[in-house]
Amino acid sequence: RIAQAAVSLIQDKDMVFLDISTSNLALAELLMKSDRDLTVVTNMVDVLGVLARNPRIDLIFAGGQINRGRDGFWGGMTQEVKRLKPDIAFVGAVGVDVKANSVSTYDIDDGLNKAAIIAHSKRAYVVAEARKLSTDGNYDFTSLDALAGLITDTEPSPDIRAAAAELGVDIVLP
């Protein structure tokens, strides 16, 4: 459901960054079947495998140090993505605390990569299941109001919706 909402935000000819995220893997599956001309940058191994099958997608892989548990790469070499300027980026999160205006992950290197791509993208969205709106990691990598929005799978509670509106954060639903 999150991938369906995200794909509607992508325009033909966009440069898209897909971070390590199960939602982004589902988004890659949708993009693989599309007829759009895109450039996709990713640091997720499974996303690379899926999109390599579509000749209309120019694919750039951001390597670095492998994290086998997360199916992707991060670290100093991966942070070279900050030289790119994607039109749109989709980043995963361990937790999103709308009331505290924070987005978190567990790993510092993962958070540094996410922060770098958010800072250099024209529009960046966090992709997170609604259950992650009540969880928290131990490394805040961005404030929610630094993003174009939050893409989630179900309508959040009224207090979370109000807090997001106060921050000027768009909540995108399928």
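Residues numbered from 1 in each chain as written. Predicted model: local features only at pLDDT ≥ 70, side-chain atom pairs only at ≥ 80, totals over all residues. Heavy atoms only, no water.

**Remarks on the pairing of strand S1 (residues 15-18)**
Both faces of S1 are covered, namely the face carrying Met15 and Phe17 and the face carrying Val16 and Leu18. One ladder, built from four bridges, connects S1 with strand S2 (residues 38-42); its direction is parallel. Pairing of Val16 across the sheet is with Val40, part of S2. Chirality of the crossover, the property in question, places the unit of S1, helix H2 (residues 22-32) and S2 among those that are right-handed. (Buried < 20%, exposed > 50% of the residue type's maximum accessible area, 1.4 Å probe, protein only. Helix = DSSP H or I, 4+ residues; strand = E, 2+ residues; numbered from the N terminus. Pairing = 2+ DSSP bridges. Right-handed = clockwise from strand over helix to strand, strands pointing away.)

**A short note on the sheet that holds S1**
The seven strands lie next to each other as S3-S2-S1-S6-S9-S11-S12, forming an open sheet whose pairing is parallel. Looking along the sheet, the strands with just one partner apiece sit at the ends: strand S3 (57-61) and strand S12 (170-172). If you compare each strand with its neighbour and ignore which way they point, the axes differ by 20° on average. Running over the sheet, H2 touches S1, S2, S3, strand S6 (88-92) and strand S9 (124-127) and is turned about 145° from S1. Strands S1, S6 and S9 of the sheet are contacted by helix H4 (residues 108-120), whose axis makes an angle of about 160° with S6. (Axes fitted to C-alpha atoms, helices over the stretch in contact; angles between N-to-C directions. Contact = heavy atoms within 4.5 Å.)

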